[in-house]
Every structure is written in structure tokens, then in C-alpha cells.
Amino acid sequence: MYNNLLLQYENHKNINILAFTDRKNCTGDFLAQIEKTAKNKPNAIVLREKDLEEKEYFKLAQAIIPICKAYNVPLIIHSFYQAALELGIDKIHMPLSKLKEISQTDIKKFSVIGASTHSLEDVIDAKEHNATYVTAGHIFETNCKSGLKGRGLDFLQNIVENSNIPVYGIGGIHLDNVEKVLQTGCFGVCVMSETNLL
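Cut-offs and rules
- Residues numbered from 1 in each chain as written.
- Predicted model: local features only at pLDDT ≥ 70, side-chain atom pairs only at ≥ 80, totals over all residues.
- Heavy atoms only, no water.
- Salt bridge = Lys/Arg side-chain N within 4 Å of Asp/Glu carboxyl O.
- Helix = DSSP H or I, 4+ residues; strand = E, 2+ residues; numbered from the N terminus.
- Buried < 20%, exposed > 50% of the residue type's maximum accessible area, 1.4 Å probe, protein only.
- Contact = heavy atoms within 4.5 Å.
- Core = buried A, V, L, I, M, F, W, Y, C linked by side-chain atoms within 4.5 Å.
- Pairing = 2+ DSSP bridges.
- Right-handed = clockwise from strand over helix to strand, strands pointing away.
- Axes fitted to C-alpha atoms, helices over the stretch in contact; angles between N-to-C directions.

1. Topic: the pattern of salt bridges
Here's step 1: One pass over the structure, following the stated rule, counts 5 salt bridges.
Here's step 2: For R23, the salt bridge is made with E49, and the minimal N-O distance between the two is 2.9 Å. With R23 in the loop between strand 1 (17-20) and helix 2 (30-39) and E49 in the loop between strand 2 (44-47) and helix 3 (54-70), this residue pair connects regions lying 26 residues apart in the sequence.
Here's step 3: Note on R23: relative accessible area 24%, which makes it partly exposed.
Here's step 4: The class for E49 is buried, based on a relative accessible area of 3%.
Here's step 5: The shortest N-O distance in the salt bridge between D106 and K109 comes to 3.2 Å.
Here's step 6: The class for D106 is buried, based on a relative accessible area of 13%.

See below:
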């Protein structure tokens, strides 16, 4: 569980953690889950709800913003950068293909720009398109990518050693393997399904 990762891992205060949302796998009230996550002070909450249309996503983000503000946890908007601009949020996380579509005028309006990457070439491409950090994965097999073998720790290590922007490992990271992930030298880790298992 995400809480366990913070509360049980003895060096949790030194871990940079991005908490990605997944309301479809949330077993209870989603906003209550967001608040529980925010209480544990991840570096940021990334609102990743890929099935929503932008209008629905916008309304959900509006409901989450005050929760994040109450706990002083940044909210990162996933994919819908126009919604971020309308909401007054200057932090986004984009699939690489969508990052490339943002105009230079709009990209300058964001202070934090994340990109999802799956190869070293992706990381280089993301940096060239103004990414300030990347997620690299998936490292281990995950529920959201069931049946797809993880790329492994060597993959992550190679990305880290050849990137000049922060790299977060993503995919199947739990209490029992987070230490090995951090040993690659990555800047931090991402958790998704575990945020829903409190």
C-alpha cells in the first residue's frame, strides 16, 4: 500500500514519490482516497484518469484542488494541458506524443513538465521537448499492464545513467522492491495501484 511505503520504509522521508491516481480501481470514495494520499505528503499527486473526457476531467480536478492545497501537495494535471491552464495549474504530465503537440507559447506557461517514457530515445526526445522530469517503465509487471513483462532494473539504470533530467521509476513498485529501485540512482518512484489499497 502507498501508506505502507511511506510509513514502513525506514528511509521514506528521503524518497521522492509521485502518486498517480486510478479511480476505477479505487475500492472506496475516491476523494477520501485522495485525501488519505495527500496526508502522507508525496511530492505530488498526478491526476491520471485516462478514460475521462476533458470536461469530466476538469470537474474532477476542481474537486481535488482544494484537497491538495489543504495538505500543501502539488497537483499535476495528466494529458489535458489546456485544462491545467484554465485551472491555473502550472504542472503537467504528458504522454510523449502529446507533449510534442504543445506549442512553444503554451509550454512556457508550465514550471513542471513530466513525460512518460519507455526507452532512452524517449527520454532524449522528452528533454528536447522541454520535459523537466520523466517517468521510465514499467519496471515490474503491474495490474494496469497485466501480462506485460516489466523492463527491469537494468533498463532503469541505463536510463538514469544517461539522463540529465530527473527520472522516476514506475510500474509495480512496492515496499518489498523499492530499495532495489532506488539503488539504480533514480530520482524517485511512482505508485499507482497501491494508492487505492489503503
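2. Re the environment of L87
Here's step 1: Within the secondary structure layout, L87 lies in helix 4 (residues 81-87).
Here's step 2: A relative accessible area of 17% means that L87 is categorised as buried.
Here's step 3: Counting along the chain gives 26 residues from L87 to A61, while the straight-line C-alpha distance between them is 8.3 Å.
Here's step 4: Leaving out residues up to four positions away in the same chain, L87 has contacts with F58, A61, Q62, I65 and I77.

3. Details of the nonpolar core
Here's step 1: Counting residues in hydrophobic clusters, the biggest one holds 56 residues, and the most contacted among them are L75, I77, I92 and L99.
Here's step 2: Counting 10 residues, the second largest nonpolar core, distinct from the first, contains A44, V46, Y133 and C190.

4. Re the pairing of strand 4 (residues 91-95)
Here's step 1: Across 2 bridges, the pairing between strand 3 (residues 75-78) and strand 4 is parallel. Bridged to H78 within strand 4 is H93.
Here's step 2: Remark: the strand 3/helix 4/strand 4 crossover connection has right-handed handedness.
Here's step 3: The sheet contact formed by strand 4 and strand 5 (residues 112-117) spans 5 bridges and is parallel. Looking at the pairing, P95 lines up with S116 of strand 5.

5. Some remarks on the pairing of strand 8 (residues 188-191)
Here's step 1: Here strand 8 shows a buried face lined by G188 and C190 and a second buried face lined by V189 and V191.
Here's step 2: Here strand 1 runs beside strand 8; their pairing, made up of 3 bridges, is parallel. Within strand 8, the residue paired with I17 across the bridge is V189.

6. Re the sheet that holds strand 2
Strand pairing in a sheet relies on backbone hydrogen bonds, with the paired strands running either antiparallel or parallel.
Here's step 1: Pairing is parallel around the closed barrel formed by 8 strands, whose spatial order is 1-2-3-4-5-6-7-8. Adjacent strand axes in the sheet meet at a mean angle of 25° when their direction is disregarded.
Here's step 2: As judged from the 4 bridges shared by strand 6 (residues 133-137) and strand 7 (residues 167-170), these two strands associate in the parallel manner. In the sheet register, V134 faces strand 7, and the bridge partner there is V167.

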